[in-house]
Amino acid sequence: MGLLKNISKPEIRNHYKVVFECSVIASLLLIILSFKFFPKIEKSTIQYDAPQELFTVEDIQQTKQDYTPPPPPEKPPMIIQAISDEDIEDIEFGETEINFDQELNAPPPPPKEEKKIVEEEPVYFVAVEEMPYPIGGVQAILNLVKYPEIARRAGIEGKVYVLAYVNEVGTVTKTEILKGIGGGCDEAAEYAVKRTKFSPGKQRGKSVKVKVMVPVVFKLESGPV
């Protein structure tokens, strides 16, 4: 212990091993002395004076209820009327013998199905050497166009694009509205183009069927142009 007092704090860090050994020796000495002076340690028993309660466990038998379903209702008796001999008609059977000498006619042939003739749609060119042109110029179409009264009152004006199908003789066989403005102007433009005669389109000097687009302009100031 005198050695520990003479060692300062910085020296304790340097002599940590010596301090640790001294501490272990001191703790061992304390344990040995405690066992020498206090060799026996008796346990004290605690007595409880509370009265003991006794209880018995009884087995309770589960009661089973017998359930018997009610009997099904009796079926009503079926009354079957007996058939008398008068109600039975006599059935006559024809001859069942086969005559092998009799000539049998062949069954008639099945009816011939009429072949449906599918008409091929004519092919119209889109671009040819000579495109169709209205006979009499654009004025011929304008003369047939009538400005609809509904479009005039509603102030509708614009351009209607009509696709005309022109055959080999210059007749318009069919028309389609590619772009319209409504108000009856589409029908008026289509009516005028259908009734206009065209010069037929030609490819290599031969008249062919051609599709041509015809624009029709509607203006309120000076009418259709």
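So, a few notes on the structure that sits alongside this text. (Residues numbered from 1 in each chain as written. Predicted model: local features only at pLDDT ≥ 70, side-chain atom pairs only at ≥ 80, totals over all residues. Heavy atoms only, no water.)

## Side note on a nonpolar patch on the surface
Taken together, the side chains of Tyr16, Phe20, Val24, Leu28, Ile31 and Phe35 make up a nonpolar region of the molecular surface, amounting to roughly 660 Å² of accessible area. Among the secondary structure elements, tyrosine 16 is positioned in helix α3 (residues 16–37). (Patch = residues over 30% accessible without salt bridge, like charges linked within 9 Å, V, L, I, M, F, W, Y side chains within 5 Å. Areas by Shrake-Rupley, 256 points an atom, 1.4 Å probe, with all protein chains shown as cover. Salt bridge = Lys/Arg side-chain N within 4 Å of Asp/Glu carboxyl O. Helix = DSSP H or I, 4+ residues; strand = E, 2+ residues; numbered from the N terminus.)

## Remarks on the packing of aromatic side chains
Taken as a whole, this structure holds 2 aromatic pairs when the rule is applied. Ring geometry for tyrosine 124 against tyrosine 165: centres 5.1 Å apart, planes inclined by 85 degrees, an arrangement best described as edge-to-face. You can see tyrosine 124 sitting in the loop between α3 and β1 (133–134) and its partner tyrosine 165 sitting in strand β2 (residues 158–166), a full 41 residues away along the chain. Note on tyrosine 165: relative accessible area 9%, which makes it buried. Between tyrosine 147 and phenylalanine 218 the ring centres are 5.4 Å apart and the planes differ by 85 degrees, which places this aromatic pair in the edge-to-face class. Taken together, the residues span a long stretch of sequence, with tyrosine 147 in the loop between α4 (138–144) and α5 (149–154) and phenylalanine 218 in strand β7 (residues 210–218) at a distance of 71 residues. The side chain of lysine 174 reaches across the aromatic face of tyrosine 165, ending 4.5 Å from its centre. Between lysine 209 and the ring centre of tyrosine 124, over which it is positioned, the NZ or CZ distance is 5.9 Å. (Phe/Tyr/Trp six-rings, centres within 6.5 Å; stacked < 30°, edge-to-face > 60°. Buried < 20%, exposed > 50% of the residue type's maximum accessible area, 1.4 Å probe, protein only. Lys NZ or Arg CZ within 6 Å of the ring centre and 35° of its normal.)

## Observations regarding the pairing of β7
A one-sided burial pattern is seen for β7, the buried positions being Val210, Val212, Val214, Val216 and Phe218 and the unburied ones Lys211, Met213, Pro215 and Val217. Sheet topology note: the β2/β7 ladder contains 9 bridges and is antiparallel. The residue of β7 that forms the bridge with alanine 164 is valine 212. (Pairing = 2+ DSSP bridges.)

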